[in-house]
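If you want the building blocks of each chain, they are given just below.
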Amino acid sequence: SSGINAEYGGLIADSRILIDHARVEAQSHWFTFNEKMTVESVTQSVSNLALSFGEYDRKAMSRPFGVAILMAGVDENGESVLLHMDPSGTYLKYGAKAIGAGSEGAQATLEEQYHKSMSLDDGMKLCLNVLKQVMEEKISSTNIEVGICRKSQEIPGKFHLLQKEAIDTLLSTL
């Protein structure tokens, strides 16, 4: 679905398997029911695959998936949804979440400073400040991407990436 974005931290090969599974499930749902699958339903489907490790003497899976995934989008009610699935397959809903290297410090900052009533600009600045704190190299528009998903646009929930110039403008305000 064009309204669901997934980011991962961990093993690239494992993430590709899970993301491909999510794509197939979302497409199958679309073709079967002629409606988009919700962010939570897609995450549930990926979670079921991750949780099925070791069941029924499956020889295809020799180990659990080594990846954490963030699934984000806008649900059918027009509300923003951010779900975090850990490598075990368990998922939870968050307002703001960090994964990957440096995620402990980043998550602590997000928990302190993020609030649901933040404007989009304030939220982006907070995220960029967090990245600036935890990244080993200097943050720039060449080593990060910023994606936005809004309910108030032509196609509600559609993701788009900011251009490098827009990221540079944001970074200059930090």
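This text goes with the structure placed above it.
All of these numbers come straight from a predicted model, not from anything done at the bench. (Residues numbered from 1 in each chain as written. Predicted model: local features only at pLDDT ≥ 70, side-chain atom pairs only at ≥ 80, totals over all residues. Heavy atoms only, no water.)

1. Regarding the sheet that holds strand E2 (residues 67-74)
Okay, so step 1: The strand order across the open sheet built from four strands is E1-E2-E3-E4, with neighbouring strands paired in antiparallel fashion. For this open sheet the edge positions go to strand E1 (4-10) and strand E4 (91-93), each flanked by a neighbour on one side alone. Going across the sheet, the axis of each strand differs from the next one's by a mean of 20°, ignoring polarity.
Okay, so step 2: Sheet strands touched by helix H1 (residues 12-33): E1, E2 and strand E3 (80-85). Its angle to E2, the strand with the most contacts, is close to 35°. (Pairing = 2+ DSSP bridges. Helix = DSSP H or I, 4+ residues; strand = E, 2+ residues; numbered from the N terminus. Axes fitted to C-alpha atoms, helices over the stretch in contact; angles between N-to-C directions. Contact = heavy atoms within 4.5 Å.)

2. A word on helix H4 (residues 120-134)
Note that an α-helix has 3.6 residues per turn; residues three or four places apart therefore point the same way.
Okay, so step 1: If you check H4, its first and last C-alpha atoms are 21 Å apart, about what 15 residues at 1.5 Å a residue would give, namely 21 Å.
Okay, so step 2: Among all positions of H4, only Gly-123, Met-124, Leu-126, Leu-128 and Val-130 are buried.
Okay, so step 3: Among the structural elements, helix H3 (103-113), strand E5 (147-149) and helix H5 (164-172) are those in contact with the buried residues of H4. (Expected span 1.5 Å × (residues − 1). Buried < 20%, exposed > 50% of the residue type's maximum accessible area, 1.4 Å probe, protein only.)

3. A look at the packing of aromatic side chains
Okay, so step 1: A full pass over the atoms with the stated rule returns zero aromatic pairs.
Okay, so step 2: Here the guanidinium or amino end of Lys-97 rests over the ring plane of Tyr-94, the centre of that ring lying 4.9 Å away. (Phe/Tyr/Trp six-rings, centres within 6.5 Å; stacked < 30°, edge-to-face > 60°. Lys NZ or Arg CZ within 6 Å of the ring centre and 35° of its normal.)

4. Some thoughts on the nonpolar core
Okay, so step 1: Counting 19 residues, the largest nonpolar core has Leu-18, Val-42, Val-46, Ile-69, Met-71 and Met-85 as the members making the most contacts within it.
Okay, so step 2: Elements supplying a minimum of two residues to this core: H1, helix H2 (39-51), E2 and E3.
Okay, so step 3: Of all the elements, H2 adds the most residues to this core, at five residues.
Okay, so step 4: The residues contacting Val-42, other than those within four sequence positions of it, are Ile-4, Ala-22, Ala-26, Met-37 and Met-71.
Okay, so step 5: Core analysis: the next-biggest nonpolar cluster, separate from the first, contains 10 residues, Leu-128, Val-146, Ile-148 and Ile-167 among them. (Core = buried A, V, L, I, M, F, W, Y, C linked by side-chain atoms within 4.5 Å.)

5. Remarks on the packing of H1 against H2
Okay, so step 1: Running from amino to carboxyl end, H1 crosses H2 at an angle of 130°, the nearest separation of the two axes being 9 Å. The orientation of H1 with respect to H2, classified from their angle, is oblique. Judged by the sense of rotation from one axis to the other, the crossing of H1 with H2 is right-handed. Residues Leu-18, His-21, Ala-22, Glu-25 and Ala-26 of H1 lie in contact with H2, whose contacting residues are Val-42, Ser-45, Val-46 and Leu-49. (Parallel < 35°, antiparallel > 145°, perpendicular 65-115°, else oblique. Left-handed = near helix turned anticlockwise from the far one by under 90°.)

Treat this as a map of the structure, not an account of what it does.
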